[in-house]
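Inside the fold
For reference, the chains in residue letters:
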Amino acid sequence: MTFTIARIEASILELPLVRPFIVSFGTVRNTSSIVLKVYDTQGACGIGEMSAITMPVYKPEYTKGIWAVLNDVILPFLSGKSFAHPRDAEQALTFIRGHYFAKAAVSTALYDLYSRQRDESIIKTLAGTRMNLTVSRTISLYDDPARTLEEGQRYYDEGIRWIKLKIAPGRELKQVRTLVEHFPDAKIMVDANAGYEYNDDTIRIYQEMDEMGLFCFEQPLRWNDIVFHSKLQEQLRAPIALDESLDDVTVLRQALVIKSCRAANIKISRVGGFGEAIKIEEEARSAGMPVWVGGMMESPVGFHANLAFAARDGCSWPLDFLDSTILVDGFFDCFESNLYKINGDTIHLNAAAPGFGFSLNEKAIARYTGISSVHEAPTSTRAA
Ligand code: OSB
Ligand code: MG
């Protein structure tokens, strides 16, 4: 069975956060995603999204740039094309260098279309087996350790035992010590979002945090570095996990050769979609490396994509994309879901409904929808 792409609707979706999310590269005040609705010639529809930041501060890509490459290059190229499987579409797009966020919007929409067409849950399409998933929560970057503790306490009281703390130079040791002292039974990791340079001060600070018994250090150094991460990893007990630097499976293979990390954060948007994410998860699994699914403040669309991928065997560390559910104003008003139920620090998945298993509340979503575009294949080029 193949599907032929007849029409693609794209739109920018921005949902406001109830309070800002502060990280070393700046302050995030809203989600910023591009949602694609892809229709085949039979009228079936798949919905997907890429989630990014409005400015190029996390990676070089940013929402308006992603919008441009989608509308100028990727969506016109796809219109009228036929594929047997979404991974064939991903393969067909490899002639375009980079632009992984844009490709992730296409990949997730086509996987949804493909699983709906086969009347199977996306969990089955992605070969997921883990139906009960543990969640972690992320504490923003604060100057005052009392605020760090206050946010940590809130999550702890909800039953969360995996906590990620955002850090930056000079805003780490006191904050980490406070958390470690108050929550000795919690697993605490720190995420610097590439905020540190590799030098003696950084080595000393990381070794001091290592002494405190943290379980992971996410992306300490520059967004495009793997060499100095390897040097730093050599001097630490706890694993370094790459986020920003881990573009694709090639980077993971390089990182394995030079031992840049001992854990990996997979974000569907950052790596260009499910196909590449599966390659990374398989490569990591065969190297015995734990991975987990991270997020970029997704809308409900990307949230479902993340959940489905996290059911795969290798994604053994807790879900790291739950903060949009408490930070996005009216998150749960935007959809109804048959894919999951949240219960304290656990999410139960259900593989009963086809595709991503949600239906959008179009009225609620429309309030947050910005510019839109439509790409239609000329009827003459459409395969029967
Ligand atoms: O580094 O993981 C990151 C959000 C936006 C950009 C980068 C990151 C994040 C998060 C989100 O940490 C955590 C969550 O959604 O729970
Ligand atoms: Mg990160």
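In case you missed it, the structure is sitting above this.
Before going into details, it helps to say that this report is about the structure given with it. (Residues numbered from 1 in each chain as written. Chains lettered and ligands numbered in written order. Predicted model: local features only at pLDDT ≥ 70, side-chain atom pairs only at ≥ 80, totals over all residues. Heavy atoms only, no water.)

1. Observations concerning the coordination of the magnesium ion (ligand 2)
Six octahedral donors at a metal ideally form angles of 90 or 180 degrees, and four tetrahedral donors ideally form angles of 109.5 degrees. For clarity, the threshold we go by: Note that water is not among the atoms used; donors are N, O and S atoms within 2.8 Å of the metal (3.2 Å for Na, K and Ca), so sites may look incomplete. Strands are runs of DSSP state E lasting at least 2 residues, helices are runs of H or I lasting at least 4, and numbering of each runs from the N terminus. With a 1.4 Å probe rolled over the protein chains alone, any residue whose accessible area is under 20% of its type maximum counts as buried; one over 50% counts as exposed, and the rest are partly exposed.
Asp-191 (OD), Glu-218 (OE) and Asp-243 (OD) make up the full set of protein donors to the magnesium ion (ligand 2), lying at 2.0 to 2.3 Å. Expressed as a motif, the donor residue spacing for the magnesium ion (ligand 2) is D-x26-E-x24-D. Here the residue Asp-191 occupies a position in strand 10 (residues 187-191), and Asp-243 occupies one in the loop between strand 12 (240-242) and helix 9 (249-258), the gap between them amounting to 52 residues. Since its relative accessible area comes to 0%, Asp-243 is described here as buried.

2. Some words on the packing of aromatic side chains
Which entries qualify depends on this criterion: Stacked, tilted and edge-to-face pairs are distinguished by plane angle, under 30 degrees for stacked and over 60 for edge-to-face with tilted covering the rest, among Phe, Tyr and Trp rings (Trp via its six-membered ring) whose centres lie within 6.5 Å. Two thresholds decide whether a charge sits over a ring: the Lys NZ or Arg CZ must be within 6 Å of the ring centre and within 35 degrees of the ring normal.
In total, this model carries 21 aromatic pairs according to the counting rule given. Judged by centre distance (6.3 Å) and plane angle (15 degrees), the ring pair of Phe-274 and Phe-309 falls under stacked. Placement of Phe-274 in helix 11 (residues 274-286) and of Phe-309 in helix 12 (residues 300-309) is noted, with a sequence separation of 35 residues between them. An identical accessibility class is assigned to Phe-274 and Phe-309; each is buried. With a centroid separation of 5.7 Å and an interplanar angle of 70 degrees, the aromatic rings of Phe-303 and Phe-321 are classed as edge-to-face. One end of the pair, Phe-303, is in helix 12; the other, Phe-321, is in the loop between helix 12 and helix 13 (323-327), with 18 residues separating them in the sequence. The ring of Phe-77 carries Lys-81 above its face, with NZ or CZ at 4.1 Å from the centroid.

3. Comments concerning the pairing of strand 2 (residues 16-23)
This is how the line gets drawn: DSSP calls a pair of strands paired once it identifies at least 2 bridges connecting them.
Bridge count for strand 2 against strand 3 (residues 26-30) is four bridges, and the pairing is antiparallel. Along strand 3, the bridge assignment pairs Val-23 with Gly-26. Count of turn residues in the strand 2/strand 3 antiparallel hairpin: two residues.

4. Details of helix 6 (residues 173-182)
Cut-off, in case you're wondering: Here, two residues are considered to be in contact whenever any of their heavy atoms come within 4.5 Å of each other.
Turning to helix 6, its buried residues number three or more, namely Leu-173, Gln-175, Val-176, Thr-178 and Leu-179. Looking at the buried positions of helix 6, the neighbouring elements they touch are strand 8 (137-139), helix 5 (145-157), strand 9 (162-166), strand 10 and helix 7 (200-211).

5. Describing the pattern of salt bridges
A side chain with one charge can pair with a side chain of the opposite charge if their charged atoms come near. How we decide: Any Lys or Arg side-chain nitrogen found within 4 Å of a carboxyl oxygen on Asp or Glu counts as a salt bridge.
Scanning all chains against the criterion turns up 24 salt bridges. Close ionic contact of Arg-7 with Glu-376 constitutes a salt bridge, the shortest N to O distance being 3.1 Å. You can see Arg-7 sitting in strand 1 (residues 3-13) and its partner Glu-376 sitting in strand 19 (residues 369-376), a full 369 residues away along the chain. Residue classification places Arg-7 among the partly exposed positions, given a relative accessible area of 24%. Judged by its relative accessible area of 47%, Glu-376 falls in the partly exposed class. Across the pair Lys-59 and Asp-247 runs a salt bridge whose closest N-O atoms are separated by 2.5 Å. You can see Lys-59 sitting in the loop between strand 5 (45-52) and helix 1 (63-78) and its partner Asp-247 sitting in the loop between strand 12 and helix 9, a full 188 residues away along the chain.

6. Focus: unusual backbone geometry
At Asp-119, a residue that is not glycine, the phi angle is positive and equals roughly 55 degrees. Mapped onto the elements, Asp-119 comes out in the loop between helix 3 (100-117) and helix 4 (122-125). Asp-119 gets classed as exposed once you look at its relative accessible area, which sits at 60%.

7. With respect to empty space enclosed by the protein
We count it as follows: The definitions used throughout rest on a 1 Å grid laid over the protein atoms alone, on which a cavity is an enclosed set of points accommodating a 1.4 Å probe that cannot get out and a pocket is an open set flanked by protein within 12 Å on both sides along at least five of seven lines; lining residues are those having an atom within 4 Å of a point. Grid points are joined across faces, edges and corners, and a volume is the space filled by probe spheres set on the points. Under the scheme applied, nonpolar residues are Ala, Val, Leu, Ile, Met, Phe, Trp, Tyr, Cys and Pro; charged residues are Asp, Glu, Lys and Arg; polar residues are all the others, including Gly.
Enumeration over the complete set of coordinates arrives at four cavities of 30 Å³ or more. As for the largest cavity, its lining consists of 21 residues, of which Phe-21, Lys-166, Lys-267, Gly-295 and Met-296 are closest to the centre. Listing elements by their share of the lining of the largest cavity, those giving two or more residues are strand 2, strand 9 and helix 13. Its residues placed into classes, the lining of the largest cavity shows ten nonpolar, four polar and seven charged. The calculated volume of the second largest cavity comes to roughly 60 Å³. Lining the second largest cavity we find Ser-136, Trp-162, Ile-163, Lys-164, Met-189, Phe-215, Trp-292, Trp-317, Pro-318 and Asp-320. With three residues, strand 9 is the largest single contributor of residues to the lining of the second largest cavity.

8. Considerations on the sheet that holds strand 17 (residues 346-349)
Applicable threshold: Between N-to-C directions, angles span 0 to 180 degrees; the directions come from axes that are lines fitted to C-alpha atoms, helices contributing only their stretch in contact.
Strand order across the open sheet formed by three strands is 7-17-16, with antiparallel pairing between neighbours. In this open sheet, the two edge strands, each paired with only one partner strand, are strand 7 (132-134) and strand 16 (340-343). Shown here is a sheet whose adjacent strand axes are inclined to one another by a mean of 25 degrees, direction ignored. Sheet analysis places strand 7 next to strand 17, joined by three bridges and oriented antiparallel. The partner of Leu-133 across the bridge, within strand 17, is Ile-347.

9. Points about the pairing of strand 4 (residues 32-40)
For strand 4, the buried fraction is high: eight of the nine residues fall into the buried class. Where strand 1 meets strand 4, eight bridges bridge the pair, whose relative direction is antiparallel. Bridging from a neighbouring strand, Ser-11 pairs with Val-35 of strand 4. Taken together, the eight bridges between strand 4 and strand 5 define a ladder with antiparallel strand orientation. Of the residues in strand 5, the one forming a bridge with Tyr-39 is Cys-45.

10. Examining the site of ligand 1
Rule in force here: If a single non-hydrogen atom of a residue is within 4 Å of a molecule or strand, that residue counts as near it. Under the rule applied, a polar contact is a pair of N or O atoms within 3.5 Å (in protein, one hydrogen donor and one hydrogen acceptor; residues adjacent in sequence only if both atoms are side-chain atoms). With residues, only the protein chains shown are counted as cover, and all accessible areas are computed by Shrake-Rupley using a 1.4 Å probe. Should more than half of a molecule's atoms lie within 2 Å of a pocket's or cavity's grid points, that molecule is taken to sit in it.
What surrounds ligand 1 is a group of 17 residues, the closest being Lys-166, Asp-191, Asn-193, Lys-267 and Asp-323. Take Asp-191: an N or O atom from its side chain is 3.0 Å from an oxygen atom of ligand 1. Its free accessible area being 380 Å², ligand 1 has 100% of it covered by the protein chains. Most atoms of ligand 1, that is more than half of them, are within 2 Å of grid points of the largest cavity. Residues that form the shell around ligand 1 fall into these classes: six nonpolar, three polar and eight charged.

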